[in-house]
Structures are given as structure tokens and as C-alpha cells.
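# Summary of the model geometry
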Amino acid sequence: MGATNADARGGRRRRRGGGVALIGATAIVALLSAAGCGGGSGGAGSGGKESAPAFVQRITTEFSRGQAGRLWDELAPADQAIVTRARYAACQGNEGFTLKSVKVLDSYSEPVDVDGSSERSDAVTLRVTSDTGVTTATIHAVPSSGGWHWILSSADRAAFAAGKCA
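In this report, the structure presented in the accompanying data block is examined.

The rules behind these values
Residues numbered from 1 in each chain as written. Predicted model: local features only at pLDDT ≥ 70, side-chain atom pairs only at ≥ 80, totals over all residues. Heavy atoms only, no water. Salt bridge = Lys/Arg side-chain N within 4 Å of Asp/Glu carboxyl O. Helix = DSSP H or I, 4+ residues; strand = E, 2+ residues; numbered from the N terminus. Buried < 20%, exposed > 50% of the residue type's maximum accessible area, 1.4 Å probe, protein only. Pairing = 2+ DSSP bridges. Expected span 1.5 Å × (residues − 1). Polar contact = N/O pair within 3.5 Å; in protein donor to acceptor, adjacent residues only side chain to side chain.

Opposite charge on two side chains allows them to pair when their charged atoms are near. All chains considered together, the criterion is met by 6 salt bridges. Here Glu62 makes a salt bridge to Arg58, at a shortest N to O gap of 3.0 Å. Of this pair, Glu62 and Arg58 both sit in helix H2 (residues 52-64), 4 residues apart, which is roughly one turn of the helix. Where salt bridges share partners, they join Glu50, Arg58, Glu62 and Glu74 into one cluster.

Put into C-alpha cells, the structure is as follows:
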């Protein structure tokens, strides 16, 4: 995100050059690593005005457009402390994919492990259809600072902490 088929940020991906180029439907899986985004019973609850499912759909669209800077802005503050906005954007390469549809299949509260600590999150299961296929993934959103944020997977967190691209 944590995830049924893959994690939000640590899902299946193809690497090109020094950065990560996420391909098609599998891209959203890579978006939010071990947790990602989600929405507790679908309400706005502790995540602010936007519901967790709406947040997950929005960041999936941002990811499809290659908007790495915007995605970093919505990364959990603890993960922002690990990787700068410029480094995250450089590693992502601002490459997008053709998003055909995003459908929320389920939304529920679920704790998620964030670097050894259990955090409250809302899990959102999505079916994403892109130019390269269909992917179903469960992504977690964590509430922070009056809104939803996504988190890096533990593998991506370790890579960025080591000064490498995830």
C-alpha cells in the first residue's frame, strides 16, 4: 500500500535507467507502498473532508499522470523526512500511463505496520484498468494533519534511506 495483490508503493514495477518507471495497471500498486491509501467505512472520518476511497482514486490518477511532486506532497510526513521532494520526483521519472478506469471494490479500517510501528489506516481495494491490463490492489491511507496520506513500503523506505531510488 498491507495489500492483497501488491503493496501500494512496493508492488510490481519495471525499472528503467536509474529511476522507477511504473507500467500501466501495476503502477498504482507501486504508488503507495506497504500501505498507500484507504478509507475507513468509506467516510471522511479522521482523514479530513475527502473520503479515503476518493483520496486513493485521486492519487491513482495523479500517479497515472506522472505527477511525482504532487504525490510526494501527499506522502506521510515521516516518509517525507526520508526522501526529499526533488529526490522522489527524480527517482519516479514523472512517467505516467494511460488510465482507463478505477473502481473501488471495498473500504475498511485496518492497522498497518509503518517502520515497525502499528498505525491506524483505512484500506481501499481498487480495480484499476490501464492500457496494459487490469490490477486489483488494496491500498492503505493514513490520517495525518487533517487529511489522508500514503506511505512508503518498508523496502522503498530502506532504499530511500540508503540514498537509492526505490
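Taking burial as the measure, the 9 residues of strand S6 (residues 122-130) include 7 buried ones, the bulk of the element. When strand S3 (residues 99-109) meets S6, the two strands line up antiparallel, connected through 9 bridges. Bridging from a neighbouring strand, Val102 pairs with Val128 of S6. Sheet topology note: the S6/strand S7 (residues 133-144) ladder contains 9 bridges and is antiparallel. For Thr125, the partnering residue across the bridge sits in S7 and is Thr138. Here S6 folds back onto S7, and the loop between the two strands holds 2 residues.

This brings us to the pairing of S7. One ladder, built from 3 bridges, connects S7 with strand S8 (residues 147-149); its direction is antiparallel. Its bridge partner being in S8, Ser144 is matched across the sheet by Gly147. Two successive antiparallel strands, S7 and S8, enclose a turn made up of 2 residues, where Ser145 displays a positive phi of approximately 55 degrees.

Across its 13 residues, H2 extends 18 Å between first and last C-alpha, which sits within 8% of the 18 Å expected from 1.5 Å per residue. All of the buried residues in H2 are Ala52, Pro53, Phe55, Val56, Ile59, Thr60, Glu62, Phe63 and Ser64. Where H2 starts, the residue carrying a side-chain oxygen 3.1 Å from the main-chain nitrogen of Ala54 turns out to be Ser51. One or two positions beyond H2, positive phi appears at Gly66, with a value near 75 degrees.

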